[in-house]
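Structural features, examined
Given next are the chains, with one letter for each unit.
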Amino acid sequence: MEIKKIESSYIIHHGLESLPQVDQNLIAYAITQLDHAYAPYSQFKVGAAVRLKDGSTYAGCNQENASYPLCMCGERVALYNAAVYSPYVAPETLAIVIKNEKKAITTPVSPCGACRQVIAEFEQRFKNPIRILLTSDSKTIYELNSVQDILPLSFDSSFL
Ligand code: THU
């Protein structure tokens, strides 16, 4: 037998200043989506914004339902929104912000497993890694180069 070690890394920004202006703008766009989130059940709001290779940006936010399993995450709303309006342009960067109305969250929050799988599908579909920027109530921003860094051993179409 053998043991295989999986390693990943990410960048921690201690403020917006160390990010290029386009990324700062994308985070600002995601933050605007917190006001549009429909989260009456969890009071956990998620805003997301994706920038495509041509510089266009699309946003999304979580949409909850009294039938809880039907709730849709903000990241997926943003990516599907981009796919509707610009189906042939690769996503380049995805910014995700959260606001928990019940308590302050001072560390960036990672996308759920379902969203990681969907982001992975977009990476495969467009043959392009998607940078991910995560932030919350604090100034800290995590920057990931690809969803593969948080979805090792992922399932994809190569198995089908
Ligand atoms: N949520 C997201 O929008 N993205 C995630 O990655 C995790 C969770 C939403 C779903 C639900 O509306 C609320 O946050 C609480 O789970």
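Attention in this report is confined to the structure presented alongside it. (Residues numbered from 1 in each chain as written. Predicted model: local features only at pLDDT ≥ 70, side-chain atom pairs only at ≥ 80, totals over all residues. Heavy atoms only, no water.)

1. Focus: the packing of aromatic side chains
Applying the stated criterion to the full structure yields 6 aromatic pairs. Ring centres 4.8 Å apart and planes at 50° place the aromatic pair Tyr10 and Tyr142 in the tilted group. Here the residue Tyr10 occupies a position in the segment before β1 (11-13), and Tyr142 occupies one in strand β6 (residues 141-144), the gap between them amounting to 132 residues. Aromatic pair Phe122 and Phe126: ring centres 6.3 Å apart, planes at 20°, arrangement stacked. With Phe122 and Phe126 both in helix α3 (residues 113-126), this residue pair falls 4 residues apart, about one helical turn. Phe126 shares its class with Phe122; the two are buried. A connected cluster of aromatic rings, assembled from ring pairs, spans Tyr80, Phe122 and Phe126. (Phe/Tyr/Trp six-rings, centres within 6.5 Å; stacked < 30°, edge-to-face > 60°. Helix = DSSP H or I, 4+ residues; strand = E, 2+ residues; numbered from the N terminus. Buried < 20%, exposed > 50% of the residue type's maximum accessible area, 1.4 Å probe, protein only.)

2. A short note on the sheet that holds strand β4 (residues 91-100)
One open sheet holds the 6 strands; their spatial order is β1-β6-β5-β4-β2-β3, and the pairing between them is mixed. A single partner strand is all that each edge strand has here, and the edge strands are β1 and β3 (57-61). Pairs of neighbouring strands in the sheet enclose a mean axial angle of 20°, with direction left out of account. Bridge count for strand β5 (residues 131-135) against β6 is 4 bridges, and the pairing is antiparallel. Across the sheet, residue Leu134 finds its bridge partner in β6, namely Tyr142. Running at roughly 140° to β3, helix α2 (residues 74-85) makes contact with β2 (44-52), β3 and β4 of the sheet. (Pairing = 2+ DSSP bridges. Axes fitted to C-alpha atoms, helices over the stretch in contact; angles between N-to-C directions. Contact = heavy atoms within 4.5 Å.)

3. Describing the nonpolar core
Soluble globular proteins tend to bury their nonpolar side chains together. Within the largest apolar cluster, 27 residues are counted, with the highest numbers of intra-cluster contacts made by Val50, Leu79, Leu94, Ile119, Phe122 and Ile132. With residues up to four places along the chain from it excluded, the contact list for Leu79 reads Val50, Pro91, Leu94, Val118, Ile119 and Phe122. Counting residues in each nonpolar core, the second largest holds 10 residues, with Leu19, Ala30, Val97 and Ile141 among its members. (Core = buried A, V, L, I, M, F, W, Y, C linked by side-chain atoms within 4.5 Å.)

4. Some words on the packing of α2 against α3
Contact geometry of α2 with α3 gives a least axis separation of 9 Å together with a crossing angle of 25°. Here α2 lies roughly parallel to α3, going by the angle between them. In this structure, α2 crosses over α3, and the sense of that crossing is left-handed. Residues Glu75, Arg76, Leu79, Tyr80 and Ala83 of α2 form the contact with α3, whose participating residues are Ala114, Cys115, Val118, Ile119, Phe122 and Arg125. (Parallel < 35°, antiparallel > 145°, perpendicular 65-115°, else oblique. Left-handed = near helix turned anticlockwise from the far one by under 90°.)

5. Looking at the site of the ligand
All residues in the neighbourhood of the ligand are listed as Ser42, Phe44, Val46, Asn62, Glu64, Cys73, Gly74, Glu75, Pro111 and Cys112. In this structure, Glu64 approaches the ligand through a side-chain N or O atom, which is 2.5 Å from an oxygen atom. Relative to its unbound accessible surface of 370 Å², the ligand loses 78% to contact with the protein. Looking at the shell around the ligand, the elements with two or more residues in it are β2 and α2. When grouped by side-chain class, the residues that make up the shell around the ligand number 5 nonpolar, 3 polar and 2 charged. (Near = heavy atom within 4 Å. Polar contact = N/O pair within 3.5 Å; in protein donor to acceptor, adjacent residues only side chain to side chain. Areas by Shrake-Rupley, 256 points an atom, 1.4 Å probe, with all protein chains shown as cover. Nonpolar A, V, L, I, M, F, W, Y, C, P; charged D, E, K, R; others polar.)

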